[in-house]
Amino acid sequence: MRNLLVLPLIIATSLFVQASDDIESLAEKKCGACHLMGKVTKEKLSRMSAPPYWALAKKIKMAYPNRLDGVTFLVNYALNPSEDKMLFPKETKERFGLMPSQREVVTNEEIKAIAEYILDK
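Everything quoted here is computed from the prediction, not taken from an experiment.

Glancing now at the confidence of the model for the protein chain. Counting all residues, the mean pLDDT for the protein chain is 86, and 83% of those residues have values of 70 or more. Looking over the protein chain, one finds the lowest element-wise mean pLDDT in helix 1 (residues 2-31), namely 62, and the highest in helix 4 (residues 67-79), namely 98. A low-confidence stretch, residues 9-18 stays under pLDDT 50, and its non-local contacts, those more than four residues away or across chains, total zero contacts.

This part takes up the nonpolar core. Counting residues in hydrophobic clusters, the biggest one holds 22 residues, and the most contacted among them are Met-37, Val-75, Ile-111, Ile-114 and Ile-118. Where this core is concerned, the elements lending two or more residues are helix 1, helix 3 (53-63), helix 4 and helix 6 (108-120). Ranked by residues supplied to this core, first place goes to helix 4 with seven residues. Excluding residues that lie within four positions of it along the chain, Ile-114 makes contacts with Leu-26, Ala-27, Lys-30 and Cys-31.

Scanning all chains against the criterion turns up five salt bridges. As a salt-bridge pair, Glu-116 and Lys-112 come within 2.8 Å of each other at their nearest N and O atoms. Taken together, the positions of Glu-116 and Lys-112, both in helix 6 and four residues apart, correspond to about one turn of that helix. Look at Glu-116 and you get partly exposed, because its relative accessible area is 23%.

This brings us to the packing of helix 4 against helix 6. Interhelical geometry of helix 4 versus helix 6 gives an angle of 130 degrees and a closest axis separation of 9 Å. The angle between helix 4 and helix 6 falls in the class oblique. Relative to helix 6, the crossing made by helix 4 is right-handed. Where helix 4 abuts helix 6, its residues Arg-67, Gly-70, Val-71, Leu-74, Val-75, Ala-78 and Leu-79 lie against Asn-108, Ile-111, Lys-112, Ala-115, Glu-116, Ile-118, Leu-119 and Asp-120.

Looking now at the environment of Lys-30. Mapped onto the elements, Lys-30 comes out in helix 1. On the accessibility criterion, Lys-30 (22% relative accessible area) is partly exposed. Taking the C-alpha atoms as reference points, Lys-30 and Ile-114, 84 residues apart in sequence, are found 8.9 Å from one another. Among all residues touching Lys-30, those that are not within four sequence positions of it are Gln-102, Val-105, Val-106, Glu-110 and Ile-114.

Cut-off values and rules
- Residues numbered from 1 in each chain as written.
- Predicted model: local features only at pLDDT ≥ 70, side-chain atom pairs only at ≥ 80, totals over all residues.
- Heavy atoms only, no water.
- pLDDT = per-residue confidence, 0-100.
- Helix = DSSP H or I, 4+ residues; strand = E, 2+ residues; numbered from the N terminus.
- Contact = heavy atoms within 4.5 Å.
- Core = buried A, V, L, I, M, F, W, Y, C linked by side-chain atoms within 4.5 Å.
- Buried < 20%, exposed > 50% of the residue type's maximum accessible area, 1.4 Å probe, protein only.
- Salt bridge = Lys/Arg side-chain N within 4 Å of Asp/Glu carboxyl O.
- Axes fitted to C-alpha atoms, helices over the stretch in contact; angles between N-to-C directions.
- Parallel < 35°, antiparallel > 145°, perpendicular 65-115°, else oblique.
- Left-handed = near helix turned anticlockwise from the far one by under 90°.

Given below as structure tokens:
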């Protein structure tokens, strides 16, 4: 009987780990071309054309202490970027430019999952 109670927990944990891996892969695929994500390599550093994801998370968490507000901000910014929404100083925009809209790159579900992943890391 005890084994029957443990089995659902093992399955749920396995599915959670798999989902986390899938979201990490999705984030790297959709965002990693510009933002530094995953393992840092010389190649990734040389082609980084936007602030690294951990810097994004830090700025968003400072501006939006409530996680849901941070997720909402990141989703909105990724789909509708504008200078007035930028959380980084003007030097960051001068270095990287304004992020292009990701409206045609990600679905609403994908960007929400990625935003949650970035803010939970």
